[in-house]
Amino acid sequence: MANGQWYPPEWPDRIRALAAGTLTPVTPRRAATVMLLKDTGTGPAVHMLRRRASMAFAGGAYAYPGGGVDPRDDDRRIRWAGPSRAWWADRLGVDEAAAQAIVCAAVRETYEEAGVLLAGPTPDSVAGDTTGDDWEADRAALVARETSFAEFLDRRGLVLRSDLLGAWTRWITPEFEPRRYDTWFFVAALPEGQRTRNASTEADRTVWIAPGRAAAAYDRGELLMMPPTIATLRQLLPYATAADVLAAAPQRDLTPVLATARLVDGEVVLSWPGHDEFTKHVPTLPTGGAPA
C-alpha cells in the first residue's frame, strides 16, 4: 500500500456489478461528523479516533466523531441557539427539519463519541466539565437511544449552540457501497473547560494530532483513512488557529463529493471529483479471469 487509503477488498466486484447494471444503489442515510479543533503552540490540532480493527466498516481507520441522524433529531422541541433553522437549511441545502436533524446529529455524536458537548445553559455560554458519573449516565442513555437529544437538553436546561459549528464539506458514500451515508462535515473548537475522551465503543484509540502530521503519516502508509478524512485534513493545513478555520467555514463549498465509476479502455476507473489522488483503476475482469 503506497499510502494509508482504506480500500475494501469487495469494492472491485461491486464496482463491476454497478457498471454492468446488476447492482441497485441503496439510498444514503443522512449523517454528520465533526472535526474538533484546539490550538497548540504550533497551530491547531484535530481530535481523531481509530476505529476498532473488528469493525466491519473501515476497521483500523482513523476518523472523526460522527454518525447517522437519529429520527428524533428533528424534534421541534429542541432548545436552540445561534443561526436559525432557516439559515442552516439554506447553508446545508435541505429543508428546515432536515437542517435541525443534521446539526443536532453533529452535536449529539460529538458528545456521544468524544464526551464534548456544544451546548450551554444560555445562548452565550457553554457547559463546563462533562466527565462526572451523572453526565456519563446521560451520555450512555443517548448512545442506547433510551432518550432523545431534545429530552436530554430539556432535562439539563441546556440549549444547543449551533453557532459553535461551521459547515465545512459534504461527502456521499459511493453508489456501490452496501452502507451509504450522505455526510456533512463540520468544524468546531473544543469549548473551554471541556476535554475529550474515548467514549466510543467503536474506537480503540483517540489522539489530538496536527493535520500536517496526520497527513504525512497517511502518505507514509502509517495511518489508515478513508478519502473524506484525509481530504479534509489536507484542507485544514493553511490555517494557523482554530478560529481561522471557523472563520473560513461560511465560504466553504458544500456541493456533495460523490465517487463515480466509469468504463475506460477495458477497465473501471473510480474517481472522486476534485480529488485526483483517490483515483483507482479496476480491471473489468475479476481475479479469476471470468467475465464480471
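Okay, so let's go over this structure.

Quick notes on the rules
Residues numbered from 1 in each chain as written. Predicted model: local features only at pLDDT ≥ 70, side-chain atom pairs only at ≥ 80, totals over all residues. Heavy atoms only, no water. Pairing = 2+ DSSP bridges. Helix = DSSP H or I, 4+ residues; strand = E, 2+ residues; numbered from the N terminus. Buried < 20%, exposed > 50% of the residue type's maximum accessible area, 1.4 Å probe, protein only. Axes fitted to C-alpha atoms, helices over the stretch in contact; angles between N-to-C directions. Contact = heavy atoms within 4.5 Å. Phe/Tyr/Trp six-rings, centres within 6.5 Å; stacked < 30°, edge-to-face > 60°. Salt bridge = Lys/Arg side-chain N within 4 Å of Asp/Glu carboxyl O. Core = buried A, V, L, I, M, F, W, Y, C linked by side-chain atoms within 4.5 Å. Arc of directions from axis to C-beta.

### Looking at the pairing of strand 12 (residues 260-264)
Of the strand pairs in this sheet, strand 12 and strand 13 (residues 267-272) are connected by 5 bridges, and their pairing is antiparallel. Bridge pairing in strand 13 links L263 to V268. Counted along the chain from strand 12 to the antiparallel partner strand 13, the turn is 2 residues long, and its residue D265 has a positive phi close to 50°.

### Considerations on the pairing of strand 13
Of all 6 residues in strand 13, 5 are buried, a share of seventy percent or more. Here 5 bridges tie strand 13 to strand 14 (residues 275-283), and the two strands are oriented antiparallel to one another. Of the residues in strand 14, the one forming a bridge with W272 is H275. If you look at the hairpin formed by strand 13 and strand 14, you'll find 2 residues sitting between the two strands, and G274 has a positive phi there, around 85°.

### Quick word on the sheet that holds strand 13
If you walk across this open sheet you meet the 3 strands as 12-13-14, and the pairing is antiparallel. Single-partner strands in this sheet number two, and they are strand 12 and strand 14. Between one strand and the next, the sheet's axes are offset by a mean angle of 25°, whatever the strand orientation. This element, helix 1 (residues 11-20), spans strand 12, strand 13 and strand 14 of the sheet and lies at about 100° to strand 13.

### Description of the packing of aromatic side chains
How two aromatic rings sit relative to each other is given by the distance of their centres and the angle of their planes. Counted under the stated rule, the structure contains 10 aromatic pairs. Centroid distance Y64 to F185: 6.4 Å. Interplanar angle 90°. Geometry classified as edge-to-face. Pair noted here: Y64 is in the loop between strand 3 (62-63) and strand 4 (66-68) and F185 is in strand 9 (residues 181-189), with a separation of 121 residues, a long-range link. Assessed through its relative accessible area of 5%, Y64 is described here as buried. When the centroid spacing of 5.9 Å and the interplanar angle of 75° are considered together, the rings of W168 and Y239 count as edge-to-face. With W168 in strand 8 (residues 166-172) and Y239 in the loop between helix 7 (227-236) and helix 8 (242-248), the pair connects residues that are 71 residues apart, well separated along the chain. Accessibility expressed as a relative area gives 23% for Y239, which makes it partly exposed.

### Thoughts on the pattern of salt bridges
A side chain of one charge can pair with a side chain of the opposite charge when the charged atoms of the two come close. Per the counting criterion, the structure on display carries 17 salt bridges. The partner of E112 in a salt bridge is R108, and the shortest N-O contact between them spans 3.1 Å. In this pair, E112 and R108 both sit in helix 3 (residues 96-114), 4 residues apart, roughly one turn of the helix. Across the pair, R108 and E112 agree in class, each one buried.

### With respect to the nonpolar core
By size, the foremost hydrophobic cluster in this structure holds 40 residues, and its most contacted members are W88, L92, L117, F149, L160, L165 and F186. Broken down by secondary-structure element, the contributors of at least two residues to this core are strand 1 (29-40), helix 2 (85-92), helix 3, helix 4 (133-143), helix 5 (149-156) and strand 9. Considering every element that reaches this core, the biggest residue donor is helix 3, with 11 residues. Beyond its immediate chain neighbours, meaning those up to four positions away, L117 contacts Y111, V126, A127, T130, W135, F149, F152, L158, P191 and Q194. Counting 38 residues, the second largest nonpolar core, distinct from the first, contains A214, A231, L236 and V282.

### A word on helix 6 (residues 211-219)
The complete set of buried residues in helix 6 reads P211, A214, A215, A217 and Y218. Projected down its long axis, helix 6 carries its buried residues within an arc of 160°, all on one side. Positioned one or two residues after helix 6, G221 has a phi angle of 80°, which is positive.

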